[in-house]
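Geometric and topological summary
Okay, here's what each chain looks like letter by letter:
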Amino acid sequence: MILTALVATEILAQRLDDPDWVVFDCRHDLADPARGRAEYTTSHIPGARFLHLDDDLSAPKNGTNGRHPLPDPQVLMEKLGRAGVDSRKQVVAYDAQGGMVAARLWWLLRWLGHLPVAILDGGWTQWVAEGRAQTAEVPRPRPVQFSGSPRNDCWVGAHFVRDHLGDETTVLIDGRAPDRFRGQNETIDPVGGRIPYARNRFYRDNLDASGRFKAPEALKAEFRAVLDASSPQQAVHYCGSGVSACHNLLAMEVAGLRGARLYPGSWSEWSADPSRPVASGEPRPGER
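Quick summary incoming for the structure in this document. No experiment lies behind these values; they were computed from the predicted model shown.

1. Some remarks on the overall build of the protein chain
Secondary structure summary: the protein chain contains ten helices and nine strands in total. Rg of the C-alpha trace for the protein chain: 18 Å, near the compact-globule value of 19 Å for 288 residues, within the 12% margin. Judged by the C-alpha coordinates and their principal axes, the protein chain covers about 55 × 40 × 35 Å. Looking at the 288 residues of the protein chain, the share that counts as buried comes to 52%. Considering only contacts within the protein chain whose residues lie at least 6 apart along the sequence, 76% involve residues at least 24 apart. Carbon and sulfur atoms make up 49% of the accessible area of the protein chain, which amounts to about 12,600 Å² in all. Where the 34 positive side-chain charges of the protein chain centre and where its 36 negative ones centre are 1 Å apart.

So, in structure tokens, the structure goes:
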């Protein structure tokens, strides 16, 4: 059984002792970056390794490359190998942020060509609510060789985005909350606003009231409405720093709408260059 999008808690519970499954805890708090690791140290799913959004799933930032630049692929592959991940392993990622950070690891593994990776549907919150096993024991996996190669067909850079502003062949989808999309209540990045011609799809709208992903048919209908007449392959997702945009990419995968790409630098990179255009307020006629 190979899972490439979501895995239910009951399925993971049955596979905790499976040597071909590797679980990663990706809990993270943007306002308190040390919190996720501290929570992992206190309690986590048995066998889970920990990966930190800033330290493991991102490269160092330099002020112009966004808040969570793509990590060096060789460095990431070495970390995955030390965690026991090879081409045979089914990877499962979870967090307590609705899957936002876990989806970043999901996308990164697919970027490296590793398809057997899934997000725990409902995450740590659902796992705890169901009274499932927890431990503070940190696993000591046997290192292996992770073999991968970064793909260039699943992401775009700032130059591509600028060259295709207003281009009917490209649909920019902003995964931030509606107020930040409009340039209001911006508390994370120095500049408020959005990339011109972007459409808004708040990543949290991919979840139902229980915190699990909506049914595939519901997600498909909602993303079709965002895309309008465009194809999934024309979509380019961004957010504040290339993290929650991965949640939208995962949701499209769940919906069977494949081929969309990520702009990893996202708003934090785009807005760092004052020469790049910025939009705010409600989208104007012709902007969509």
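Additional details are given in the paragraphs that follow.
2. A few points about the side chain of Thr9
Of note, Thr9 is situated in helix α1 (residues 9–14). With a relative accessible area of 3%, Thr9 lands in the buried category. Setting aside its immediate chain neighbours within four residues, Thr9 contacts Leu120, Asp121, Gln126, Trp127, Glu130 and Arg132.

3. What to know about the sheet that holds strand β6 (residues 171–174)
Pairing is parallel across the open sheet formed by four strands, whose spatial order is β7-β6-β8-β9. Edge positions in the sheet fall to β7 (199–200) and β9 (261–262), since each of these pairs with one other strand and no more.

4. Some details on the packing of helix α8 (residues 216–227) against helix α9 (residues 244–254)
Relative to each other, α8 and α9 sit at 120°, their axes nearing to 8 Å. When the axis of α8 is compared with that of α9, the two are oblique. Regarding α8 and α9, the two cross each other, and that crossing is left-handed. Contact residues: Pro216, Leu219, Phe223 and Leu227 in α8; Asn248, Ala251, Met252 and Val254 in α9.

5. Some words on the side chain of Asp189
Looking at where Asp189 falls in the secondary structure, it is placed in the loop between α7 (178–181) and β7. Side-chain polar atoms of Asp189 contact the side chain of Arg180, separated by 3.3 Å. Apart from the residues within four sequence positions on either side, Asp189 is in contact with Arg67, Arg180, Gly240, Trp267 and Ser268.

6. A word on empty space enclosed by the protein
Inspection of every chain in the model, using the stated rule, returns one cavity of 30 Å³ or more. As a volume, the largest cavity reaches approximately 40 Å³. In this structure, the largest cavity is lined by Gly98, Gly99, Ile119, Leu120, Asp121, Gly122, Gly123, Leu207, Gly211, Arg212 and Phe213. When its residues are assigned to classes, the lining of the largest cavity shows four nonpolar, five polar and two charged.

7. Describing the pairing of strand β8 (residues 235–238)
Covered by surrounding structure in β8 are Ala235 and His237 together with Val236 and Tyr238, the residues of both alternating faces. Pairing of β8 with β9, which is carried by two bridges, proceeds in the parallel orientation. By the bridge assignment for β9, His237 is matched with Leu262. With α9 bridging β8 and its parallel neighbour β9, the resulting β-α-β unit is right-handed.

8. Looking at unusual backbone geometry
Here Asn185, not a glycine, exhibits a phi torsion of approximately 55°, which is positive. Turning to its location among the elements, Asn185 is positioned in the loop between α7 and β7. Judged by its relative accessible area of 57%, Asn185 falls in the exposed class. The backbone of Tyr197 shows a phi angle near 75°, a positive value even though the residue is not glycine. For Tyr197, the position within the fold is in the loop between α7 and β7.

Conventions and cut-offs
Residues numbered from 1 in each chain as written. Predicted model: local features only at pLDDT ≥ 70, side-chain atom pairs only at ≥ 80, totals over all residues. Heavy atoms only, no water. Helix = DSSP H or I, 4+ residues; strand = E, 2+ residues; numbered from the N terminus. Rg over C-alpha atoms; globule rule 2.2 N^0.38 Å. Buried < 20%, exposed > 50% of the residue type's maximum accessible area, 1.4 Å probe, protein only. Contact = heavy atoms within 4.5 Å. Areas by Shrake-Rupley, 256 points an atom, 1.4 Å probe, with all protein chains shown as cover. Lys, Arg positive; Asp, Glu negative; His and termini not counted. Charge placed at Lys NZ, Arg CZ, Asp CG, Glu CD. Pairing = 2+ DSSP bridges. Axes fitted to C-alpha atoms, helices over the stretch in contact; angles between N-to-C directions. Parallel < 35°, antiparallel > 145°, perpendicular 65-115°, else oblique. Left-handed = near helix turned anticlockwise from the far one by under 90°. Polar contact = N/O pair within 3.5 Å; in protein donor to acceptor, adjacent residues only side chain to side chain. 1 Å grid on protein atoms, 1.4 Å probe; cavity = no way out; pocket = protein on both sides within 12 Å on 5 of 7 lines; lining within 4 Å. Points joined across faces, edges and corners; volume = space filled by probe spheres on them. Nonpolar A, V, L, I, M, F, W, Y, C, P; charged D, E, K, R; others polar. Right-handed = clockwise from strand over helix to strand, strands pointing away.

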